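Each chain, letter by letter, is given below.
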Amino acid sequence: MFFNALSNAVVFNQAHPLEVSDYINSHIGHHTLLSESVKNRKSLPSQLKHRNFAELGLSSIRYGNEVKIHCADLNDIYHFQVVTQGQCCWQFEEESLLLKPGQALMMNPHENMDISYSADCEKVIVKVPQAFINNLCLEQNKVIPNSGVLFERKVIELSKSLGFLSLMDAILHEANDSEIDCLQLQPPYRNLLIRKLFQQFDNNTQNSQDPELNDRCFTTLLHHIESNIKQDISIEELANVAHISVRKVYNIFAKHYHITPKAFIKQSKLKHLRNEIVLKNDIRNVTEIALDYGFLHLGRFSSDYKKMFSELPSETLKRR
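This structure is a prediction, so every number in the text was calculated from the model and none was measured.

Observations concerning the overall build of the protein
Across its full length, the protein holds 11 helices and 14 strands. Viewed in the frame of its principal axes, the protein has a C-alpha envelope of about 70 × 45 × 35 Å. When burial is assessed residue by residue, the protein has 49% of its 320 residues classed as buried. Restricting to contacts in the protein with at least 6 residues of sequence separation, those with at least 24 account for 74%. With the model as given, the accessible surface of the protein reaches about 16100 Å², and the carbon-plus-sulfur share is 48%. Averaging the positions of the 35 positive and the 37 negative side-chain charges in the protein gives two centres separated by 2 Å.

So, in structure tokens, the structure goes:
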């Protein structure tokens, strides 16, 4: 599977596991190498290949020893990991998952686990920044819970999803080309991969267009927020518009979105603001548009924006 993947992107060949571990900590995801086998300084069986493609991190890792690592926090990134040789065991607090060749899973930010490699284990890892996951949710009118998007802890067989397998193979093939001329062709690969991940793994987001959400009061509240997105909307105002109590407003948003109405309003404002930055070429000043949406505390605005999209508003403007 994925034969010769990233062969033109070799970072280490016949290296010590600690060298590979240090590089992974800097470029792929934070972890701690726990295995006693790394004390053998003469052991040089490890290999690492790594390349950035469409702002994703693509890696192929082989330690060459039985090693155990501890992951405490992926720091606002997701990992899609595929075992291509040997076997690998993920030990969570309440369960363990053993993956063999052709099997894959998603790792969420801020999860704690121990991962044990067999001596012949080799994995392909796709590092996905949280911003791309959040962007797809917003494009599809999904609400992001306060905990962030969390994918189910599920092992999938890539052989049962030939389309997904072919897409992964194509991405690794394109990334292996060291002379990539058309950078504009990379984002479609990334966006398709993220959509496929949402198809393969259930998650905790909720679609605002689901039929069960279309009760009269809730529809009225959503319409009022959308129509007055640049205004300062209070909870009392929402209650008056829908002719319900303030407590009922809180209950409705807790039931459907698991967040407070204020948090929902802030997310909606940030979503609309980001769309304006991305789509309107005449916007040159982030401060001006932030004030238009009622964000008077610019430091807090930048912090909330980065928390939601994993980048500063100025970085969004620059990337446009």
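Quick look at the sheet that holds strand β3 (residues 46–53)
Strands sit in the order β1-β3-β4-β11-β6-β9-β13 across an open sheet of 7 strands; the sheet is antiparallel. Unpaired on one side and paired on the other, β1 (10–15) and β13 (156–157) mark the two borders of the sheet. Here 5 bridges tie strand β4 (residues 56–62) to strand β11 (residues 122–129), and the two strands are oriented antiparallel to one another. If you follow leucine 58 over to β11, its bridge partner there is valine 126. Along the sheet face, helix α2 (residues 130–139) touches β6 (77–85) and β11 and points at about 60 degrees away from the line of β11.

Cut-offs applied
Residues numbered from 1 in each chain as written. Predicted model: local features only at pLDDT ≥ 70, side-chain atom pairs only at ≥ 80, totals over all residues. Heavy atoms only, no water. Helix = DSSP H or I, 4+ residues; strand = E, 2+ residues; numbered from the N terminus. Buried < 20%, exposed > 50% of the residue type's maximum accessible area, 1.4 Å probe, protein only. Contact = heavy atoms within 4.5 Å. Areas by Shrake-Rupley, 256 points an atom, 1.4 Å probe, with all protein chains shown as cover. Lys, Arg positive; Asp, Glu negative; His and termini not counted. Charge placed at Lys NZ, Arg CZ, Asp CG, Glu CD. Pairing = 2+ DSSP bridges. Axes fitted to C-alpha atoms, helices over the stretch in contact; angles between N-to-C directions.

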